[in-house]
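Here is how the chains run, residue by residue.
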Amino acid sequence: MFTLSEDQIAIRDMARDFANVELAPYAVEWDEKKHFPKDALRAAAALGMGGIYVKEDVGGSGLSRLDAALIFEALATACPGTSAYLSIHNMSTWMIDRFGDDDQRRRWVPKLASMEHFASYCLTEPGAGSDAAALKTKAVRDGDHYIVDGQKQFISGAGESDVYVVMVRTGAEGPKGISTLVIEAGTPGLSFGANEKKMGWNVQPTRAVIFEGLRVPVENRIGAEGEGFKIAMAGLDGGRLNIGACSLGGAQAALEKTLSYMRERKAFGKRLDEFQALQFRLADMAIELEAARTFLWRAAAALDAKAADATQLCAMAKRVATDRGFEVANEALQLHGGYGYLSDYGIEKIVRDLRVHQILEGTNEIMRLIVSRALIAQGN
Ligand SMILES: Cc1cc2nc3c(=O)[nH]c(=O)nc-3n(C[C@H](O)[C@H](O)[C@H](O)COP(=O)(O)OP(=O)(O)OC[C@H]3O[C@@H](n4cnc5c(N)ncnc54)[C@H](O)[C@@H]3O)c2cc1C
């Protein structure tokens, strides 16, 4: 588990080379212009990164969660926001591949794996974020259709995506009344809010998704009625690893930029990297990152092995990787002095992008809730 195979090293290096050439030179400008880099994402998909852990018979790459963590970390060294959108696309595509029947898999997954089509994951609502099982978007059966009414909030990729994997209420209150529908762009009754103005993740749009009397064929339901919450949470186990990996990549890039900067920058007649107090801060940054990375790989291996405690390990690893990643990036900004605050150096973008990883895919408080519930249940 702690030594990468030759194949894994090749996958990681391929993703890092792609990131260095296709993302890094443009990331600061994309952030400024709020440009969603669809062409670059499609180029990543051409290398197999559109359906990383999706099965090969529908165009996926059939790789492991650990392979995916290596890829998202490598891409995030260039642009955490782009890597994070790709992670959400992969999560949504995997949900259709894993829980859809053969017709559904063949209908949607090949175009998602190639990224001819883009996907969004729609769980959060204006009144239901952390308490996602309280969602209210209603889907009422009408013959061989559902009629959907409600609103999703903060949806990444919304307005640009072609396929929306949407958690809706088909039954009673609580998690068991939730089902998952695939809703296609262009369906009458589907509309979007304005692109939110936000602190980071400017390379991808975030919008409300609104459903007004929207008719969805019953054949677009993934899994049985009432299984939607389970499907949504299964997606998030892997999604949390991916987002953690994006934090590691952003922080790794910030550390590398800091090492180069401190080699050049002088103060009090010495290079910054000659001050021992600062050398120790670099060491702590590297130690925290390596510890978080090792833990994330352990959680990814547990998910690959379908271990009984995989959900808890993914929640723990998400909490550690996103907190440590943000702290390391913020420390990198500090070590750049005033220049770290300027956008040209690329550090402040990393800090802004990484901040939201502590909030989404379940806040880091909710990660503690998952872990503490499991601990207390074991104790009982
Ligand atoms: C840029 C961005 C992109 C996003 N993309 C998506 C997406 O693509 N799809 C999607 O479905 N959602 C998405 N989200 C939504 C995100 O998952 C939610 O914002 C998040 O789950 C928190 O929900 P909330 O904002 O409603 O906060 P709330 O749930 O209102 O929480 C507010 C605060 O209370 C804390 N809290 C709540 N309950 C508890 C508790 N029981 N114990 C301790 N603390 C608690 C929270 O941790 C938080 O600090 C995105 C959000 C952002 C900002």
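Refer to the structure presented above.
1. Concerning empty space enclosed by the protein
Once rolled over the atoms, a probe with the size of a water molecule shows which space is left empty.
Argument step 1. A full pass over the atoms with the stated rule returns one cavity of 30 Å³ or more.
Argument step 2. Taken as a whole, the largest cavity holds about 50 Å³ of empty space.
Argument step 3. The set of elements that each furnish at least two residues to the lining of the largest cavity consists of helix 1 (6-23), helix 3 (38-46) and helix 5 (80-99).
Argument step 4. For the lining of the largest cavity, the per-class residue count stands at seven nonpolar, two polar and no charged.

2. Looking at helix 5
Argument step 1. The terminal C-alpha atoms of helix 5 lie 28 Å apart, and with 20 residues this matches the ideal 28 Å at 1.5 Å per residue to within 8%.
Argument step 2. Within helix 5, 19 of the 20 residues are buried, which leaves the element mostly enclosed by the surrounding structure.

3. As for the nonpolar core
Argument step 1. Counting 102 residues, the largest nonpolar core has M49, L75, I96 and Y121 as its most contacted members.
Argument step 2. Here this core gets 15 residues from one element, more than from any other, and that element is helix 7 (residues 228-264).
Argument step 3. Not counting chain neighbours up to four residues away, the residues in contact with I96 comprise Q104, R105, W108, V109, L112, V163, V165, V182 and I222.
Argument step 4. Core analysis: the next-biggest nonpolar cluster, separate from the first, contains 17 residues, C122, A139, I155 and V166 among them.

4. Observations regarding the site of the ligand
Argument step 1. In the neighbourhood of the ligand, 17 residues make up the surrounding shell, with T124, S130, F154, T363 and E365 lying closest.
Argument step 2. One nitrogen or oxygen atom from the main chain of L123 is found 2.9 Å from an oxygen atom belonging to the ligand.
Argument step 3. In the environment of the ligand, an oxygen atom lies 2.7 Å from a nitrogen or oxygen atom belonging to the side chain of S130.
Argument step 4. Its free accessible area being 980 Å², the ligand has 64% of it covered by the protein chains.
Argument step 5. Put simply, the ligand lies in the largest pocket.
Argument step 6. Going through the elements one at a time, strand 1 (119-122), strand 3 (145-156) and helix 11 (364-379) are the ones with two or more residues in the shell around the ligand.
Argument step 7. Grouping the amino acids of the shell around the ligand by side-chain chemistry returns 10 nonpolar, five polar and two charged.

5. Structural notes on the side chain of E73
Argument step 1. Tracing the backbone shows E73 in helix 4 (residues 65-76).
Argument step 2. E73 has contacts with A245, L248, G249, Q252 and R293, leaving out every residue within four places of it along the chain.

6. Quick word on the layout of surface pockets
Argument step 1. Taken as a whole, the largest pocket encloses approximately 1200 Å³ of empty space.
Argument step 2. If you tally residues by element for the lining of the largest pocket, the top one is helix 7, at seven residues.
Argument step 3. Looking at the lining of the largest pocket residue by residue, the classes come out as 21 nonpolar, 10 polar and 11 charged.
Argument step 4. Taken as a whole, the second largest pocket spans an internal volume of roughly 480 Å³.
Argument step 5. R65, W94, R98, L303 and K306 are the residues nearest the centre of the second largest pocket, which is lined by 19 residues in total.
Argument step 6. At the level of secondary structure, the elements contributing two or more residues to the lining of the second largest pocket comprise helix 5, helix 7, helix 8 (276-304) and helix 9 (310-335).
Argument step 7. With four residues, the single largest contributor to the lining of the second largest pocket is helix 5.

7. Quick word on the packing of aromatic side chains
Argument step 1. For the structure shown, the criterion picks out 10 aromatic pairs.
Argument step 2. Pairing Y164 with F192 gives two aromatic rings, centres 5.6 Å apart and planes at 40°, and the pair type is tilted. Taken as a pair, Y164 in strand 4 (residues 163-169) and F192 in strand 6 (residues 190-192) lie far apart in primary sequence, 28 residues in all.
Argument step 3. When its relative accessible area of 0% is taken as the criterion, Y164 is described as buried.
Argument step 4. Relative to Y345, the ring of Y261 lies with its centre 6.3 Å away and its plane at 90°, an arrangement referred to as edge-to-face. Here Y345 lies in the loop between helix 9 and helix 10 (347-355) and Y261 lies in helix 7, a separation of 84 residues in the sequence.
Argument step 5. Judged by its relative accessible area of 13%, Y261 falls in the buried class.
Argument step 6. Ring pairs connect the aromatic residues F36, Y85 and F118, which therefore count as one cluster.
Argument step 7. Lying across the ring of F275, K270 places its NZ or CZ 4.7 Å from the centre.

8. Thoughts on the pairing of strand 4
Argument step 1. With seven of its seven residues buried, strand 4 lies for the most part within the structure.
Argument step 2. Of the two faces of strand 4, the one carrying V163, V165, M167 and R169 and the one carrying Y164, V166 and V168 are both buried.

9. Quick word on the environment of Y85
Argument step 1. Among the secondary structure elements, Y85 is positioned in helix 5.
Argument step 2. Among the residues examined, Y85 registers a relative accessible area of 1% and is labelled buried.
Argument step 3. Y85 sits 116 residues away from W201 along the chain, and the two C-alpha atoms are 8.9 Å apart.
Argument step 4. Each residue touching Y85, except ones within four places of it in the same chain, is listed here: F36, L41, M115, F118, A119, S156, G157, S161 and Q204.

What counts, and where the lines are drawn
Residues numbered from 1 in each chain as written. Predicted model: local features only at pLDDT ≥ 70, side-chain atom pairs only at ≥ 80, totals over all residues. Heavy atoms only, no water. 1 Å grid on protein atoms, 1.4 Å probe; cavity = no way out; pocket = protein on both sides within 12 Å on 5 of 7 lines; lining within 4 Å. Points joined across faces, edges and corners; volume = space filled by probe spheres on them. Helix = DSSP H or I, 4+ residues; strand = E, 2+ residues; numbered from the N terminus. Nonpolar A, V, L, I, M, F, W, Y, C, P; charged D, E, K, R; others polar. Expected span 1.5 Å × (residues − 1). Buried < 20%, exposed > 50% of the residue type's maximum accessible area, 1.4 Å probe, protein only. Core = buried A, V, L, I, M, F, W, Y, C linked by side-chain atoms within 4.5 Å. Contact = heavy atoms within 4.5 Å. Near = heavy atom within 4 Å. Polar contact = N/O pair within 3.5 Å; in protein donor to acceptor, adjacent residues only side chain to side chain. Areas by Shrake-Rupley, 256 points an atom, 1.4 Å probe, with all protein chains shown as cover. Sits in = over half its atoms within 2 Å of the grid points. Phe/Tyr/Trp six-rings, centres within 6.5 Å; stacked < 30°, edge-to-face > 60°. Lys NZ or Arg CZ within 6 Å of the ring centre and 35° of its normal.

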